[in-house]
Amino acid sequence: MTRNKLSVDHLLGIKYLTENDLNLIFQTASHFKEIINRPIKKVPSLRDITIANLFFENSTRTKLSFELAEKRLSADVINFSYSGSSISKGENLIDTISNIIAMKVDIIVLRHPSPGSALFVSKNINSCIINAGDGTHEHPSQGLLDAYSLIEKLGNLKGKKIAIVGDVLHSRVALSNVFLLNTLGAEIKLCAPKSLLPKDIESLGVTATDDLVNTLKWCDAVNMLRIQNERTDVKFFPSNREYSKLFGLDREKFNKVKKDVLILHPGPINRGVEITSDLADSENAIILNQVENGVAIRMAIIYLLASKLKMIDYDY
Ligand code: CP
């Protein structure tokens, strides 16, 4: 039976969550998904709570999805972007966040390019921290919405075969997915050029290959990752064209599979590099379902953390 309290006071990474936490987040997200499909999409649960979204890195989906989740819960919301802030005048991260907390902010949603930044802030600031992506480390809310979307389509993930294809080395989405899918009992295969696979990745309980067609034949669902060019100046493969030929999902490779495979992508998509447009927009793709579910998952995360910390009096 799922207990109704999270075991954690922050969402720093999937690796800190128990299976009970995951199931509680999924159950709560299902309630919120029903609510946000009503004509009146809001609940008063967080009406005395203020949340700051601090994005030190670019974002479309995660930033807007968190903001919408907070507004659907009736929280007060403030948004911070790196450009135009006093960081450019030499202020450090802890001072910046301390000043924001001093304005009576209750929850911080943090995206930052440095791995470990969310954990670092949680140890130095007395506030609830939600990691919205810390460099190449973790992207827990993305991992949760990916798994929730898979469960909607495939049911219980125990024994299901999930492939993660592409730039695993630089991907926080890959690591959060690996931790989460392992906890739920799925089988995981990573498919990438050897240069884009972390050393010792198999110690995390996954298998690895560079054969995309056989990976597609093996799996029930494939999560296609973007090449994270912004995280490195070094070339890990000769050209996008060569990468696409071997690791890009296209109709020619997909037609060899002869079974229904679900296609996921965390976004943003580089059409024609890791996936062709016809497959990104095909019936097998659940990419926009992932985005829709992201709002309900983030409502669940915020609601459960706020209720764990006794910030709220209102049920949903
Ligand atoms: N999936 C994801 O993190 O997208 P954004 O970078 O647009 O937030």
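Residues numbered from 1 in each chain as written. Predicted model: local features only at pLDDT ≥ 70, side-chain atom pairs only at ≥ 80, totals over all residues. Heavy atoms only, no water.

We now examine the pairing of strand E6 (residues 187-191). Most of E6 is tucked away: four of the five residues are buried. Here strand E5 (residues 161-165) pairs with E6 via five bridges, running parallel. Looking at the pairing, Ile162 lines up with Ile188 of E6. In this fold, the crossover linking E5 to E6 by way of helix H6 (residues 172-183) has right-handed handedness. Bridging between E6 and strand E7 (residues 207-209) involves three bridges; their strand directions are parallel. The residue bridging Cys191 from the neighbouring strand is Thr209, located in E7. (Buried < 20%, exposed > 50% of the residue type's maximum accessible area, 1.4 Å probe, protein only. Helix = DSSP H or I, 4+ residues; strand = E, 2+ residues; numbered from the N terminus. Pairing = 2+ DSSP bridges. Right-handed = clockwise from strand over helix to strand, strands pointing away.)

Next up on the list: the packing of aromatic side chains. Summed over the entire model, instances satisfying the criterion amount to five aromatic pairs. When the centroid spacing of 6.0 Å and the interplanar angle of 40° are considered together, the rings of Phe26 and Tyr148 count as tilted. On the criterion of sequence distance, the pair formed by Phe26 in helix H1 (residues 19-35) and Tyr148 in helix H5 (residues 140-154) is long-range, its members being 122 residues apart. As far as the burial class goes, Phe26 and Tyr148 line up, both buried. Three or more aromatic residues link up through ring pairs in this structure, and these residues are Phe237, Tyr243 and Phe247. The ring centre of Trp218 lies 4.9 Å from the NZ or CZ of Lys189, which sits over that ring. Its end group placed over the ring of Phe66, Arg298 keeps NZ or CZ at 5.0 Å from the ring centre. (Phe/Tyr/Trp six-rings, centres within 6.5 Å; stacked < 30°, edge-to-face > 60°. Lys NZ or Arg CZ within 6 Å of the ring centre and 35° of its normal.)

A few words on the pairing of strand E1 (residues 50-55). Among the six residues that make up E1, six are buried, leaving the element largely enclosed by the rest of the structure. Side chains Thr50, Ala52 and Leu54 of E1 all project onto a buried face; the interleaved residues Ile51, Asn53 and Phe55 project onto the opposite face, where all are buried too. For E1 and strand E2 (residues 76-81), the ladder comprises six bridges, and the chain directions are parallel. Each bridged residue has a counterpart across the sheet, and for Phe55 the counterpart in E2 is Ser81. In the classification by handedness, the crossover that spans E1, the intervening helix H2 (residues 61-72) and the parallel E2 is right-handed. Relative to strand E3 (residues 107-112), E1 runs parallel, the two being bridged by five bridges. Bridging from a neighbouring strand, Ile51 pairs with Ile107 of E3.

Attention shifts here to the sheet that holds E3. The sheet built from four strands is open, its strands ordered E2-E1-E3-E4 with parallel pairing. On the outer flanks of this sheet lie E2 and strand E4 (128-134), each paired with one strand and no other. In this sheet, neighbouring strand axes are inclined to one another by 15° on average, regardless of whether the strands run parallel or antiparallel. (Axes fitted to C-alpha atoms, helices over the stretch in contact; angles between N-to-C directions.)

We now examine the domain arrangement of the protein chain. You'll often see interface size given as the accessible area lost when the parts meet. The domains assigned to the protein chain are domain 1 (14-139 + 294-309) and domain 2 (140-290). When each unit is reduced to the centre of its C-alpha atoms, the spacing between domain 1 and domain 2 is 26 Å. With 27 residues of domain 1 at the contact, the number on the domain 2 side is 26 residues. Carbon and sulfur atoms supply 63% of the area buried between domain 1 and domain 2, which totals about 2200 Å² over both sides. On the domain 1 side of the contact with domain 2, Ile14, Phe26 and His139 bury the most area, a combined 30% of that side's loss. Scanning the region where domain 1 abuts domain 2 turns up two salt bridges. The closest approach of N and O atoms between Lys33 and Glu152, which form a salt bridge, is 2.7 Å. Viewed at the interface, domain 2 and domain 1 are joined by eleven residue pairs in polar contact (both at pLDDT 80 or more). The set of elements that each furnish at least two residues to the side of domain 1 that touches domain 2 consists of H1, H2, E3, E4 and helix H11 (287-308). Looking at which element gives the most residues to the side of domain 1 that touches domain 2, the answer is H1, with seven residues. (Domains from an automatic or database assignment. Contact = heavy atoms within 4.5 Å. Buried area = accessible area lost by both parts, 1.4 Å probe. Salt bridge = Lys/Arg side-chain N within 4 Å of Asp/Glu carboxyl O. Polar contact = N/O pair within 3.5 Å; in protein donor to acceptor, adjacent residues only side chain to side chain.)

Moving on to the sheet that holds E7. Taken in spatial order, the five strands of this open sheet run E7-E6-E5-E8-E9, and their pairing is parallel. The open sheet is flanked by E7 and strand E9 (262-264), the only strands paired with a single partner. In this sheet, neighbouring strand axes are inclined to one another by 25° on average, regardless of whether the strands run parallel or antiparallel. Pairing of E5 with strand E8 (residues 221-224), which is carried by four bridges, proceeds in the parallel orientation. Among the inter-strand pairings, Ala163 is bridged to a residue of E8, identified as Val222.

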